[in-house]
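Below are the chains, spelled out letter by letter.
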Amino acid sequence: MQRRISLIPQPRHLHADDGELDLASLGAIVAGDPETGSLAWLLSDLLARGTGLRLPVAEAFDGPAVRLRVDGARPADFTTAAEAYRLETSAGGIDLAAAHPAGIARGIATLRQLLPADALREAPSAAARVPHVAIEDEPRLRWRGVMLDVARHFQPKDFVLRMIDRAWMHRLNVVHLHLTDDQGWRLEVPSRPELTAVGSWRDETVVGHALDAAEFDGTPHGGFYTLGDVREIVAYARARHITVVPEINLPGHTRAVLAAYPELGAGPAEPVATTFGIFEEVLEPTEEALAFARDVFDVVAEVFDSPFVHIGGDEVPTTQWESSKTAKELMESEGIADVRGVQAWFTRNLTGHLTGLGRRVIGWDEILDGGEDRDGGSLEGGAPAEAVVSVWRNEAYVKKAAAAGHEVIVAPEPYVYFDHYEGDGPDEPLRIHGHTSTGKVAAWDPVPDGVEESSVLGAQCQLWSEYLPHYRDVEYAAFPRLAVFADVVWSGPGARRAAPVEERLEDHVARLEAMGVNYRPAAGPRPWQAGGEGRRKRFDRAFVEHEAE
Ligand code: ACM
């Protein structure tokens, strides 16, 4: 019986014909150059794993085959044209063509969804059959990301690789790693060994919600990625045309840095944080702090191939700078009238160094704040115009950033923070706050009214992990919302209206099942996913949206 065709994201143009192609009738995967060749081997391996069919890879083959072809003028990276592809399956074989190998990678992701869901299992479990279709596809947005917070709770490299696979399956193109925060530092930096010896672990973690903290678990938690791990993660992602964007969060959220190197702080050192929230500890604005940042970013630039590097910059309290003699002297010598300008000083210096390393800076939307000119007169933006702003507080900041000439990654807390509760039932497991249902994500428009689409580099969903200690918790928070997010940011509104995502999700869960993902069923948590009455018990706290400034 013909299966219904149900894809997430929905392609721009999808035409289905009667009939199915049995890939066992094909003789090879044909790839004419090394870039498509490596994608061909990946496809060959995936087919062999899930269906048992091993198609050889060949540069030429005379007969029915899977043909991967890159033709035409090559578009620049991070353009929608670079990820466009045409996919045709018929009795004569499979043709997958694109102007850039990234488009071939996206077409393979679609082809995998045309196979039976069981073909996504790790051992042969399904026939290698696909319906006859003709697809022409191109993403709506250039940047479609998911952020993993591996700082609050460390996640093993293995899980990062799995999430790269899942991003690929959903035709996302960025995995942003939030590598440093108050609760842990997760990147080996050979010239600064205390970062991992001291900063990568904490003695224990608060039990339940931090605002309801009655006890700590007494169990050390931590870990970090060696440079070998990072090279592997980056290469794994690169093979799938996914960019791993590293974030080193400065000059706030630095308790782990300062536990390792207390001399860099603007106040007394504290141990690596064991609870969650916003802490006062910040870097002192000194040449030593900049030298530290340069050492870290030099290593980042050596092991990450991303053209973008995220410098954090969110939630930086000025309390310590207000009583710091050094900060006061800097303000005098630099003509900074408002203490918030100290953060802008960091932003300018970090941007200068990363620009010299050939990278483009991204910061959270607070990098817009606090730029004041030398006369204390008109307020200029706190960040250089070339910096990309990832807007998290509120969509009003999208307008503010775009108006200041920045490209924007739209990542607002009320819509795409998947650490928020997904359901309002009492059995949902512990979350930070909020309520972001799949329906809310599905109805979201990532380009706010009044903002030019050209200012929007893209959009990103966030998996902050204060209350997601285990990878199974991250999966529950991510799925199926990440699939709906992918649909929103890839597919144009027209294509989405023609095939409501709620209907396609019903079929998509069979894929999540086959992959062993701990997704949240539409009806609510399964008994073992519920919060219960113990340390994962639901805790309600009103979510207050940030006011636009
Ligand atoms: C953030 O949620 N503080 C970026």
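Cut-offs and rules
- Residues numbered from 1 in each chain as written.
- Predicted model: local features only at pLDDT ≥ 70, side-chain atom pairs only at ≥ 80, totals over all residues.
- Heavy atoms only, no water.
- Helix = DSSP H or I, 4+ residues; strand = E, 2+ residues; numbered from the N terminus.
- Buried < 20%, exposed > 50% of the residue type's maximum accessible area, 1.4 Å probe, protein only.
- Contact = heavy atoms within 4.5 Å.
- Axes fitted to C-alpha atoms, helices over the stretch in contact; angles between N-to-C directions.
- Parallel < 35°, antiparallel > 145°, perpendicular 65-115°, else oblique.
- Left-handed = near helix turned anticlockwise from the far one by under 90°.
- Nonpolar A, V, L, I, M, F, W, Y, C, P; charged D, E, K, R; others polar.
- Arc of directions from axis to C-beta.
- Phe/Tyr/Trp six-rings, centres within 6.5 Å; stacked < 30°, edge-to-face > 60°.
- Expected span 1.5 Å × (residues − 1).
- Polar contact = N/O pair within 3.5 Å; in protein donor to acceptor, adjacent residues only side chain to side chain.
- Pairing = 2+ DSSP bridges.
- 1 Å grid on protein atoms, 1.4 Å probe; cavity = no way out; pocket = protein on both sides within 12 Å on 5 of 7 lines; lining within 4 Å.
- Points joined across faces, edges and corners; volume = space filled by probe spheres on them.
- Patch = residues over 30% accessible without salt bridge, like charges linked within 9 Å, V, L, I, M, F, W, Y side chains within 5 Å.
- Areas by Shrake-Rupley, 256 points an atom, 1.4 Å probe, with all protein chains shown as cover.
- Salt bridge = Lys/Arg side-chain N within 4 Å of Asp/Glu carboxyl O.
- Lys, Arg positive; Asp, Glu negative; His and termini not counted.
- Charge placed at Lys NZ, Arg CZ, Asp CG, Glu CD.
- pLDDT = per-residue confidence, 0-100.

### A few points about the side chain of E83
Relative to the helices and strands, E83 is located in the loop between β4 (65–70) and β5 (85–90). Accessibility expressed as a relative area gives 4% for E83, which makes it buried. Contact partners of E83, with chain neighbours within four places excluded, come to A102, G103, R106, P139, R142, R144, N173 and W490.

### Considerations on the packing of helix α1 (residues 34–51) against helix α2 (residues 101–114)
The interhelical angle for the contact between α1 and α2, taken along N-to-C directions, is 15°, at an axis separation of 10 Å. As far as their axial angle goes, α2 and α1 are roughly parallel. In this structure, α1 meets α2 at a crossing whose hand is right-handed. In contact with E35, T36, L39, L43 and L46 of α1, α2 contributes P101, I104, A105, I108, L111 and R112. Across the contact of α1 with α2, the residue classes tally to eight nonpolar, one polar and two charged.

### Here we look at helix α11 (residues 396–403)
For α11, the set of buried residues is Y397, V398, A401 and A402. Projection of α11 onto a plane perpendicular to its axis shows the buried side chains occupying an angular sector of 135°, all on one side. Each element contacted by the buried residues of α11 is listed here: β19 (388–391) and β20 (408–410). Taken from the residues just after α11, G405 is the one with a positive phi, measuring 90°.

### So, the packing of aromatic side chains
Counting across every chain of the model gives 16 aromatic pairs. Residues F78 and F308 carry aromatic rings whose centres are separated by 5.2 Å and whose planes lie at 85° to one another, so their mutual orientation is edge-to-face. One end of the pair, F78, is in the loop between β4 and β5; the other, F308, is in strand β15 (residues 308–310), with 230 residues separating them in the sequence. Here F78 matches F308 in class, with each residue buried. Measuring from centroid to centroid gives 6.1 Å for W321 and F346, while their planes differ by 20°, and the two rings are stacked. Of this pair, W321 sits in helix α8 (residues 319–322) while F346 is found in helix α10 (residues 341–356), placing the two residues 25 residues apart along the sequence. For F346, a relative accessible area of 2% translates into the label buried. Among the aromatic side chains, those forming a connected cluster through ring pairs are W364, W392, Y417 and W464.

### Side note on α1
Here α1 is 18 residues long and its end C-alpha atoms lie 25 Å apart, about the 26 Å a rise of 1.5 Å per residue gives. Residues of α1 that are buried include every one of T36, G37, L39, A40, L42, L43, S44, L46, L47, A48, G50 and T51, and no others. Backbone nitrogen of E35 and a side-chain oxygen of the N-cap are separated by 3.0 Å at the start of α1; the cap is D33. Just downstream of α1, G52 is the residue with a positive phi angle, here 85°.

### Let's talk about the pairing of strand β14 (residues 243–247)
Here β14 lies mainly inside the structure; five of its five residues are buried. Alternating positions in β14 separate into two faces, T243, V245 and E247 on one and V244 and P246 on the other, with burial throughout. As paired strands, strand β9 (residues 174–178) and β14 are joined by five bridges and run parallel to one another. Within β14, the residue paired with L177 across the bridge is P246.

### Regarding the sheet that holds strand β7 (residues 129–137)
Spatially, the seven strands line up as an open sheet ordered β1-β7-β5-β6-β4-β2-β3, and their pairing is mixed. A single partner strand is all that each edge strand has here, and the edge strands are β1 (13–22) and β3 (57–58). Where strand β2 (residues 29–31) and β3 come together, two bridges link them in parallel fashion. Within β3, the residue paired with V30 across the bridge is A58. Of the strands in this sheet, β4, β5, β6 (93–98) and β7 are in contact with α2, which crosses β5 at around 40°.

### Topic: the layout of surface pockets
As a volume, the largest pocket reaches approximately 460 Å³. If you trace the largest pocket, you find 26 residues lining it, with E315, E413, I432, H433 and E466 closest to the centre. Of the residues that constitute the lining of the largest pocket, the class distribution is 13 nonpolar, five polar and eight charged. Taken as a whole, the second largest pocket encloses approximately 370 Å³ of empty space. Surrounding the second largest pocket, 19 residues form its lining, R49, R112, E122, R162 and D165 being those nearest its centre. At the level of elements, α1, α3 (157–169) and α17 (501–515) are the ones that each hand at least two residues to the lining of the second largest pocket.

### Observations concerning a negative patch on the surface
On the surface, D17, D18, E88 and D95 cluster together to form a negatively charged patch. Residue position: E88 is located in strand β5.

### Topic: the pairing of β4
Here three bridges tie β2 to β4, and the two strands are oriented parallel to one another. Each residue of the ladder has a partner; that of A31, found in β4, is L68. Where β4 lies against β6, six bridges are found, and the strand directions are parallel. The partner of R69 across the bridge, within β6, is A97.

### Here we look at empty space enclosed by the protein
Following the criterion strictly, the structure yields four cavities of 30 Å³ or more and no others. One number sums up the size of the largest cavity: a volume of about 60 Å³. The leading source of residues in the lining of the largest cavity is α1, at three residues.

### Thoughts on the packing of helix α7 (residues 287–303) against α10
Contact geometry of α7 with α10 gives a least axis separation of 10 Å together with a crossing angle of 40°. The way α7 lies across α10 gives a crossing that is right-handed. Of the residues in α10, those in contact with A289, L290, A293, R294, F297 and D298 of α7 are W345, F346, N349, L350, H353 and L354. Across the contact of α7 with α10, the residue classes tally to eight nonpolar, two polar and two charged.

### So, the confidence of the model for the protein
Atom-level detail of predicted coordinates should not be read off regions where pLDDT is low. Averaged over every residue, the pLDDT of the protein is 95; residues scoring 70 or more account for 97%. Note on residues 373–379: pLDDT under 50 across the span, and nine contacts to partners over four residues away in sequence or across chains.

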